[in-house]
Amino acid sequence: MLEARAAVKSLHAYRPPLAGRQGLHLDFLRLDFNESTVGCSPRVLARLRSLDAEALARYPEREPVEREAADFLGLDAAQVLLTNGVDEAIHLLCSTYLEPGDEAIIVVPTFALYAIFAQAEGARVVQVLSGENFTFPLNDLLSRLSPRTRLIAVANPNNPTGAAVASEVLLQIAQAAPRAAVLVDEAYFEFHGETMLDHAARPENVFVARTFSKAYGLAGLRIGILAGDAGQMAMVRRVASPYNVNAVALAALPEALCDQEYVEHYVAEVQRGRGILERELTSLGLQYWPTRANFVLVRIGDAHAEFVQALRARGILVRDRSSDRSSDPRCEGCVRLTVGSSEHTRTLIAALREVVAKLRERREVRV
Ligand SMILES: Cc1ncc(COP(=O)(O)O)c(C=O)c1O
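First things first, this report covers the structure right here in the doc. The written sequence of each chain sets the order in which its residues are numbered from 1. It should be noted that, the model being predicted, local features are given only for residues of pLDDT at least 70 and side-chain atom pairs only at 80 or more, the latter also being counted only at that level, while totals for whole chains, interfaces and linings use all residues. Values reported for side chains reflect all heavy atoms of the structure, with hydrogen atoms and water molecules removed beforehand.

Salt bridges are defined by distance alone: a side-chain nitrogen of Lys or Arg within 4 Å of a carboxyl oxygen of Asp or Glu. If you walk through the whole model with that rule in mind, you get 15 salt bridges. Notably, a salt bridge pairs Lys-9 with Glu-3, separated by 2.2 Å at the nearest N-O pair. A network of salt bridges, in which partner residues are shared, links Arg-62, Glu-63, Glu-66 and Arg-237.

Pairing between strands requires that DSSP locate at least two bridges from one strand to the other. Runs of H or I in DSSP of at least four residues are treated as helices and runs of E of at least two as strands, each being numbered from the N terminus. Ordered by their spatial adjacency, five strands build an open sheet running β1-β11-β12-β10-β9, and the pairing between neighbours is mixed. Lying at the two open borders of the sheet, with one neighbouring strand each, are β1 (29-31) and β9 (287-288). Pairing geometry for strand β11 (residues 316-320) and strand β12 (residues 334-338), over two bridges, is antiparallel. Each bridged residue has a counterpart across the sheet, and for Asp-320 the counterpart in β12 is Val-335. In this description, contact between two residues means that some pair of their heavy atoms is separated by no more than 4.5 Å. Interaxial angle, 0 to 180 degrees, is taken between N-to-C directions of lines fitted to C-alpha atoms, where a helix line uses only the stretch in contact. Across the sheet, helix α13 (residues 304-313) is in contact with β11 and β12; its angle to β11 comes to roughly 160°.

Surveying the vicinity of the ligand reveals 14 residues, the closest of which are Asp-185, Tyr-188, Thr-211, Ser-213 and Arg-222. As used in this structure description, the phrase polar contact means that two N or O atoms lie within 3.5 Å; if the pair is within protein, one of them must be able to donate a hydrogen and the other to accept it, and residues adjacent in sequence are counted only when both atoms belong to side chains. Measuring from an oxygen atom of the ligand, one finds a side-chain N or O atom of Asn-159 at 2.7 Å. Here an oxygen atom of the ligand sits 2.6 Å away from a polar atom, N or O, in the side chain of Tyr-188. Taking 400 Å² as the accessible area of the ligand by itself, protein coverage stands at 92%. Judged by its atoms lying within 2 Å of the grid points, the ligand is housed in the largest pocket. Here the element with the most residues in the shell around the ligand is helix α5 (residues 85-97); it accounts for three residues. Being near a molecule or strand, for a residue, means having at least one of its heavy atoms within 4 Å of it. In these tables, accessible area is a Shrake-Rupley quantity obtained with a 1.4 Å probe, and a residue counts as shielded only by the protein chains included in the view. The distinction between a cavity and a pocket rests on a 1 Å grid over the protein atoms alone: a 1.4 Å probe fits inside a cavity but cannot get out, while a pocket stays open yet meets protein on both sides within 12 Å along at least five of seven lines, and a residue with an atom within 4 Å of a point counts as lining. Any molecule with more than half of its atoms within 2 Å of a cavity's or pocket's grid points is counted as sitting in it.

Attention now moves to empty space enclosed by the protein. Grid points are joined across faces, edges and corners, and a volume is the space filled by probe spheres set on the points. In this structure the tally under the stated criterion is one cavity of 30 Å³ or more. Considering only enclosed or pocket space, the largest cavity measures out at about 30 Å³ in volume. Lining the largest cavity, in full, are Cys-40, Ser-41, Val-44, Tyr-216, Ala-256, Tyr-262 and Val-263. All amino acids are sorted into three groups, where Ala, Val, Leu, Ile, Met, Phe, Trp, Tyr, Cys and Pro are nonpolar, Asp, Glu, Lys and Arg are charged, and the leftover types, Gly among them, are polar. Grouping the amino acids of the lining of the largest cavity by side-chain chemistry returns six nonpolar, one polar and no charged.

Another point: the nonpolar core. Buried Ala, Val, Leu, Ile, Met, Phe, Trp, Tyr and Cys residues that are joined via side-chain atoms within 4.5 Å together make up what is termed a nonpolar core. Exposure categories follow from relative accessible area, calculated using a 1.4 Å probe and restricted to protein chains: below 20% of the type maximum is buried, above 50% is exposed, and the middle band is partly exposed. Counting 81 residues, the largest nonpolar core has Ile-152, Leu-277, Phe-307 and Leu-337 as its most contacted members. The leading source of residues in this core is helix α14 (residues 342-361), at seven residues. Sequence-distant contacts of Phe-307, defined by excluding residues within four places in its chain, comprise Ile-300, Val-335, Leu-337, Leu-352, Val-355, Val-356 and Leu-359.

Every α-helical turn comprises 3.6 residues, leaving residues that sit three or four positions apart pointing alike. If you check helix α12 (residues 260-283), its first and last C-alpha atoms are 35 Å apart, about what 24 residues at 1.5 Å a residue would give, namely 34 Å. After α12 finishes, the residue Gly-285 shows a positive phi value of roughly 75°. Here the expected span of a helix is defined as 1.5 Å times the quantity of residues minus one.

Given below as structure tokens:
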């Protein structure tokens, strides 16, 4: 009988709760995956509409677009690899640096795929628990470094907490672990505004990942960037398919990068909206954690599932992060709400008021 590798057999299947989302009524407001609620720039759509059969018949050529992406970031092309979303960037780093038995350190709760891709290589995942209120556990993390530590992955800002950590802290980690690839996952960079790429003196073991799935509204196209030291990136490139990013995504990317006005406008709406939502949560008496991303983690308490259901009944999808899941420690009773356009934030707030009032009547909301 054909058997998968032991490391693969011991993996839990990762199934994002997307099921049925495609078929749902179009009017559903999707605040469950931190996507853009308004979609991509019209310039991107126009470019996509202009594609013809010939454009699709050819194998995609990544390098010219990679140069544009590198220019945009102020880096050399040799420092940049376009990827099939940040998901692939994580996968490639794990394939490049992890041997079976190596250790990968993650700070939990965090994005699920770091652990999955590391385990798939046969690595041992060392989970370092965030502090109270999701403070970054620098000393705990440093105390868990070992000669076998070959990967450290930090989402900055973090998902699902929205917490950010200073670049200096990440540099300190990279310097303390020169044999480990340090992935700084900046999937939510645009909403935060601070980046590791601003540090010219980055050690060679630091990698920065970016995505076009969030602020740019292109999650369906699957496109992201991995940036790092040119010598290290040459190694990562060896394990990547030459055609990892498809022709449609490559056609769209230059337009997406050119239309910064569109992205900036959306990001400004989200930043305003998250402040408004935070104030609303305060006045509703709900516990939440200040966020630097396009989502807010809120503690609902025992009624988290009813809360998610009640919003769904009002046409709004949000993400239950309550931790019956071992990957989300400290998230008991918590729900993550994506912040979208101003209009969508108003819709969310109106529904929140109704749902919280209803649950309170039934004494199901903790506070
Ligand atoms: C921290 C983090 N990294 C990466 C991703 C996935 O990015 P992409 O769509 O580029 O694969 C997500 C998506 O939710 C995320 O939260």
